[in-house]
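A structural walkthrough
The chain contents come next:
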Amino acid sequence: MILLRPWWLLALPLIAALALWLWRRGPDAGGWQTVLPAPMLGGLAALGWLDRHGGRAHLAPLAGAAALALGLAGPALPRADMPVFAQSDAVLLALDMSPSVTGGANASGLADAQAAAAQVIAGLAGRPVGLILFAREAYAASAPTTDPQVLDSLIAVLDPQTLPDRGSNPAAALALAGQMLAGTSRADLVLISDGGGADHPAALAEAERLRQKDIGLWSLSVEGTRGTDTAALTGLAPQGSADATSPAAVIAGLTRSGLTKDTQLTMLRYRDLGPWIAALALIPLLMQFRRQA
């Protein structure tokens, strides 16, 4: 869940402070509370000459104001049925399928990469996600789509024989990502790799071209047969890096980066629950009208 207009939450401390002041002041006695001692006011209330619940009645409008502020803050959930607009705000996953990740004695490298890719897809509901596989060459496995089942089925069947290429060339994946995201106003690329070839000048040059196109670069590191070059991945992906076994930080960053300044696209991407919460303000207000009647 996100907040589309979080600045409205600033009204809640003010409402809480006003409610506390009214509660401490006690029931309204028509001005007599300023001149009569507390025991006498208590006696008048016991005789039924004063409303014991007057203070609570004053809190009803404040409860409505709190519900209205929460609704105006715009709590929203991602929409599973969001239409795709020319790959707007797309995310590409570039999955390293080189032998250092998929083969040898390293049995967990590919499994960790597959699990990380699946978690990213699940965490980005509402954003189109595409898939690139690379080793010595890079291949577009899927164009950006909002249907997670398409990508999940592709990722699940990956094995060491999927790409027979030798070597690891992330520069090819970055170049292909630039072609797939050509013309987009905002996008992100997540490199899932052991870092092999990430410090190559060609990879750094391609990364700089993507950054000039306002494409965010992120990385998730897996353990390869030669270890993990975390420093190279961090240098290639300045937006954020994390271990593939715990990608929550990168997913959170991708979620934030997906909130563009285009209000109309944001409203299409998320289901605004604000009007329903704001409607709850009618309940205490109606109770107040009934009391006055």
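Scope of this entry: the structure provided in the associated data block. Numbers given to residues run from 1 along each chain, matching the order in which its sequence is written. Only residues with pLDDT of at least 70 are given local features in this predicted model, and only at 80 or more are side-chain atom pairs given and counted; all residues enter the totals for whole chains, interfaces and linings. To obtain the side-chain values, all non-hydrogen atoms of the structure were used and water was disregarded.

Observations regarding the environment of E208
Working definition: helices are DSSP H or I runs of at least four residues, strands are E runs of at least two. Numbering for both runs from the N terminus. For E208, the location among the structural elements is in helix α8 (residues 201–212). E208 sits in the partly exposed class, given a relative accessible area of 36%. Only protein chains enter the accessibility calculation, which uses a 1.4 Å probe. A residue is then buried if its area is under 20% of the maximum for its type, exposed if over 50%, and partly exposed in between.

Some details on the nonpolar core
To qualify as a nonpolar core, a set must consist of buried Ala, Val, Leu, Ile, Met, Phe, Trp, Tyr and Cys residues joined through side-chain atoms within 4.5 Å. Ranked by internal contacts, the top residues of the largest apolar core, which has 30 residues, are L93, L95, V190, I192 and L220. Listing elements by their share of this core, those giving two or more residues are β3 (90–96), α5 (109–123), β4 (129–134), α6 (148–156), β6 (187–193), β7 (215–221) and α10 (248–257). For this core, the leading source of residues is α5, giving six residues. Discounting residues that sit within four places of it in the chain, L95 has contacts with A113, L131, I132, L133, F134, L158 and I192. The next biggest cluster of nonpolar side chains, apart from the first, holds 27 residues, and it includes A177, A198, I215 and A232. The contact rule is simple, with two residues in contact once any of their heavy atoms fall within 4.5 Å.

Topic: the pattern of salt bridges
What makes a salt bridge here is a side-chain nitrogen of Lys or Arg within 4 Å of a carboxyl oxygen of Asp or Glu, nothing more. Within the structure shown, the criterion is met by four salt bridges. A salt bridge links E206 to R209, with the shortest nitrogen-to-oxygen separation between them at 3.1 Å. Taken as a pair, E206 and R209 lie in helix α8 at a separation of three residues, close to a single helical turn. Note that R211 is salt-bridged to E208, the shortest N-O span being 3.0 Å. Taken together, the positions of R211 and E208, both in helix α8 and three residues apart, correspond to about one turn of that helix. A residue is classified by how much of its surface remains accessible, and R211, at 30% relative accessible area, is partly exposed.

Let's talk about the environment of A67
Note that A67 resides in helix α3 (residues 54–72). Here A67 falls in the buried class, since its relative accessible area comes to 12%. Here the alpha-carbon distance between A67 and I283, two residues 216 residues apart in the chain, equals 9.8 Å.

Section: empty space enclosed by the protein
Buriedness of a pocket was judged along seven lines, with at least five required to meet protein on both sides within 12 Å; pockets are open sets of points on a 1 Å grid over the protein atoms alone, cavities are sets where a 1.4 Å probe fits but cannot get out, and lining residues have an atom within 4 Å of a point. Grid points are joined across faces, edges and corners, and a volume is the space filled by probe spheres set on the points. The full count for this structure, using the stated rule, is two cavities of 30 Å³ or more. If you add up the space inside the second largest cavity, you get close to 40 Å³. What lines the second largest cavity is simply L174, L189, L191, L217, W218, L236 and A237. Where the lining of the second largest cavity is concerned, the elements lending two or more residues are β6 and β7. Throughout this entry, Asp, Glu, Lys and Arg are counted as charged residues, while Ala, Val, Leu, Ile, Met, Phe, Trp, Tyr, Cys and Pro are counted as nonpolar. The remaining residues, Gly among them, count as polar. A per-class count over the lining of the second largest cavity returns seven nonpolar, no polar and no charged.

Keep in mind these numbers describe shape, not what the thing actually does.
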